Amino acid sequence: MERPAWAPRSIDISVPSVSRMYDYYLGGSHNFEVDREAARKAMEFMPGLPKIMQANRAFMRRAVRFAVDEGVTQFLDIGSGIPTFGNVHEVARAADPGARVVYVDHDPVAVAHSRAVLEGDDGTDVVAADLRKPREILDSPEVRRLIDLNRPVALLLVAILHFVEDADDPYAAVTELREALAPGSLLVLTHASYEGIPLPPDRAEGAVDVYKDIRNPLIMRSREEIARFFEGYDMVEPGLVPMPQWRPDTAPEDEDPYAFSGFAGVGRTA
Ligand SMILES: C[S@@+](CC[C@H](N)C(=O)[O-])C[C@H]1O[C@@H](n2cnc3c(N)ncnc32)[C@H](O)[C@@H]1O
C-alpha cells in the first residue's frame, strides 16, 4: 500500500485506527482502505453511525459557542481527532478572535494533520499525549504557553472516554484534570451508550464488536456511569441528555433517530 505524504512514517497502515474510521464516517479523506473496511463493517450493523458522528460534532460546536458566551475562551480538547469541518478553534474564534485552543490526541495521524492545519497559528497548538496520563498533558509546554490554569478552561472530552477501559480508570483521569482547573471551568463531554440506539441490542453489539476486533474496544456505558464523570461539576441545563436535546438550534424532532444514541452534557466547576 502506498503511503501518502500526510501519513507519518511511524504508523502501521495495515491496522484500522479509530480516528481514521471517524474521519471516514464524517466524509473526510485522511483514511485508508483498512479503515474504510472496518467502518463499513460497523455500518452493516448500524447504518446510522455517520448520523451519530454528525450529531456529536454539532453538539460540540454548540457547546463551544456556549462556553465563549459564558466568557470561557481557553479550550483544552483531548481526543481532538483528525481536523475536519468546524473545528474547535474555528468555532471559538468566530465568537471570540482571541480564543486559544490546545488539541491533544494520541493518534499520530490526528497529531500530524492538526500540526499541518495549525501551522503558523499562535493561538493554537497540538500535543501528542494520552488522556490516561493527564499530568503529561497539563505539564506540556503547549498547555503552559497557551492556557492560563488560573482562569476558567473549557475541557473537551468529546467522544473519547468510551475508548478508555475501566481498567485504565477514566474516572481518575477526569478527576485529575478537574482538580487542575480554575473555578468556573467547563467539562464538555459526549459518550457512547446502548441507551437511545434505535436498534435491537444485538445489532448494536455487532458494531461494537468491530472495535473489539481492531483492539480498540468501544466501552458502552449507562447514563448513570456517564453521569459519574461529572462528579464535582454542577450540570448546565438541560443536564446529561441525548445530543440533539442539548440546547438545540433546530427542532430535535427533525433529527435522525440515530442522533439520539448516547449522551452529551456540560458541567461547570464551582
Ligand atoms: C471519535 S474521535 C473524536 C474526535 C473529536 N473529539 C470529535 O468528537 O469530533 C476519538 C479520538 O480520541 C482519540 N483517543 C482515543 N483514546 C485516546 C487517549 N487515551 N488519549 C488521547 N486520545 C485518544 C482517538 O485517537 C480519536 O482521534
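Figured I'd write up the structure that's included with this text. Being a predicted model, the structure only gives us computed values, none of them experimental. One numbering rule holds for all chains: residues counted from 1, following each sequence as written. Residue-level local features of this predicted model are given only where pLDDT is at least 70; pairs of side-chain atoms are given and counted only at 80 or more, and the full residue set underlies all totals for whole chains, interfaces and linings. In computing side-chain properties, one takes all heavy atoms of the structure into account and sets aside hydrogens as well as water.

Structural notes on the overall build of the protein
Tallying secondary structure elements over the protein gives 10 helices and 7 strands in all. Taken over C-alpha atoms, the radius of gyration comes to 18 Å for the protein, in line with the 18 Å a tight globule of 270 residues would show. The dimensions of the protein, computed from C-alpha atoms along their principal axes, are 45 × 40 × 35 Å. Of all 270 residues assigned to the protein, the portion counted as buried reaches 54%. Throughout, a residue-residue contact means that at least one pair of heavy atoms, one from each residue, lies within 4.5 Å. Partitioning the intrachain contacts of the protein with sequence separation of at least 6 by distance along the chain shows that 72% fall at a separation of at least 24. Summing over all exposed atoms, the protein offers an accessible surface of approximately 12,100 Å²; the carbon and sulfur share of this is 48%. The secondary structure listing takes helices from DSSP runs of H or I that are at least 4 residues long and strands from runs of E that are at least 2 residues long, numbered from the N terminus. Our radius of gyration looks at C-alpha atoms and nothing else; its globule reference is 2.2 Å times the residue count to the power 0.38. Think of it in three bands: with a 1.4 Å probe and only protein chains considered, a residue is buried below 20% of the maximum accessible area for its type, exposed above 50%, and partly exposed in between. Every accessible area reported is derived by Shrake-Rupley at a probe size of 1.4 Å, with residue values counting cover from the shown protein chains alone.

Things to note about the packing of aromatic side chains
Each pair of aromatic rings taken from Phe, Tyr and Trp, with Trp reduced to its six-membered ring, is defined by centres within 6.5 Å and is described as stacked if the planes are under 30 degrees apart, edge-to-face if over 60, and tilted in the remaining cases. Summed over all chains, the structure comprises 6 aromatic pairs. Ring geometry for Tyr171 versus Phe229: centroids 4.2 Å apart, planes at 10°, classification stacked. Of this pair, Tyr171 sits in helix 8 (residues 170-180) while Phe229 sits in the loop between helix 10 (223-227) and strand 6 (233-235); the two residues are 58 residues apart in sequence, bridging distant segments of the chain. For Tyr171, a relative accessible area of 14% gives the class buried. Consider the rings of Phe230 and Tyr233, whose centres lie 6.3 Å apart with planes at 85°: the pair is edge-to-face. The ring of Tyr171 carries Arg228 above its face, with NZ or CZ at 3.9 Å from the centroid. For a ring to carry a charge above it, either NZ of a lysine or CZ of an arginine must fall within 6 Å of the ring centroid while also lying within 35 degrees of the normal to the ring plane. Sitting over the ring of Trp246, Arg247 keeps its end group 5.5 Å from the ring centre.

Notes on helix 5 (residues 108-118)
Taken together, the buried positions of helix 5 are Val109, Ala110, Val111, His113, Ser114 and Leu118. For helix 5, the elements touching its buried residues are helix 1 (18-25), helix 4 (88-95), strand 2 (100-105) and strand 3 (124-128). Polar contacts, as used here, are pairs of N or O atoms within 3.5 Å; protein pairs need one atom able to donate a hydrogen and one able to accept it. Residues neighboring in sequence count only if both atoms are side-chain atoms. You can read the cap of helix 5 off the contacts: a side-chain oxygen lies 2.9 Å from the backbone nitrogen of Val109, and it is on Asp107. Trailing helix 5 by a residue or two, Gly120 shows a phi angle of about 80°, which is positive.

What to know about the site of the ligand
Near is defined per residue: the residue qualifies when any heavy atom it owns lies within 4 Å of the molecule or strand. Inspection of the region around the ligand gives 18 residues, with Tyr22, Asn56, Arg57, Gly79 and Asp105 positioned closest. Between Asp105 and the ligand, the recorded distance is 2.6 Å, taken from a side-chain N or O atom to an oxygen atom. Considering the ligand on its own, with 600 Å² of exposed area, one finds that the protein chains cover 97% of that surface. At the level of secondary structure, the elements contributing two or more residues to the shell around the ligand comprise helix 1 and helix 3 (49-69). Looking at which element gives the most residues to the shell around the ligand, the answer is helix 1, with 3 residues.

Comments concerning the packing of helix 3 against helix 4
The axes of two packed helices give the description: the angle between them and the distance between them. The contact between helix 3 and helix 4 brings their axes to 9 Å, and the two run at 40°. Our pair here, helix 3 against helix 4, has a crossing hand that is right-handed. Of the residues in helix 4, those touching helix 3 at Met60, Arg61, Val64, Arg65 and Val68 are Val88, Val91, Ala92 and Ala95. Angles here are taken between N-to-C directions and fall from 0 to 180 degrees, while the axes themselves are lines fitted to C-alpha atoms, restricted in helices to the stretch in contact. Note: crossing handedness is left-handed where the near helix turns anticlockwise from the far helix by less than a right angle, and right-handed where it turns clockwise.

A closer look at the pattern of salt bridges
Salt bridge criterion: a side-chain nitrogen from Lys or Arg within 4 Å of a carboxyl oxygen from Asp or Glu. Within this structure, the stated rule accounts for 15 salt bridges. The residue Arg36 makes a salt bridge to Glu33 at a minimum N-O spacing of 3.1 Å. Separated by 3 residues within a single helix, Arg36 and Glu33 lie in helix 2 (residues 33-45), roughly one turn from each other. For Arg221, the salt bridge goes to Asp166, with nearest N and O atoms at 2.8 Å. In this pair, Arg221 sits in the loop between helix 9 (201-213) and helix 10 while Asp166 sits in the loop between strand 4 (154-158) and helix 8, placing the two residues 55 residues apart along the sequence.

Quick notes on the environment of Pro198
Following the sequence through the fold, Pro198 ends up in the loop between strand 5 (186-191) and helix 9. Residues Pro198 and Glu225, spaced 27 residues apart in sequence, show a C-alpha to C-alpha distance of 20 Å. Once residues lying within four places of it in the same chain are set aside, the contact partners of Pro198 are Pro257, Tyr258 and Ser261.

With respect to the sheet that holds strand 4
Sheet architecture is open: 7 strands sit in the order 3-2-1-4-5-7-6, paired in mixed fashion. Only two strands of the sheet have a single partner each, and these edge strands are strand 3 and strand 6. Here the average twist between neighbouring strands, direction ignored, is 20°. Across 3 bridges, strand 6 lies against strand 7 (residues 263-269) in antiparallel orientation. In the strand pairing of strand 7, Met235 is matched with Gly267. In this fold helix 4 packs onto strand 1 (74-78), strand 2, strand 3 and strand 4, with an angle of close to 170° to the strand it touches most, strand 2. Along the sheet, helix 8 contacts strand 1, strand 4, strand 5, strand 6 and strand 7; its crossing angle with strand 4, the most-contacted strand, is approximately 165°. Two strands form a pair only when DSSP identifies at least two bridges running between them.

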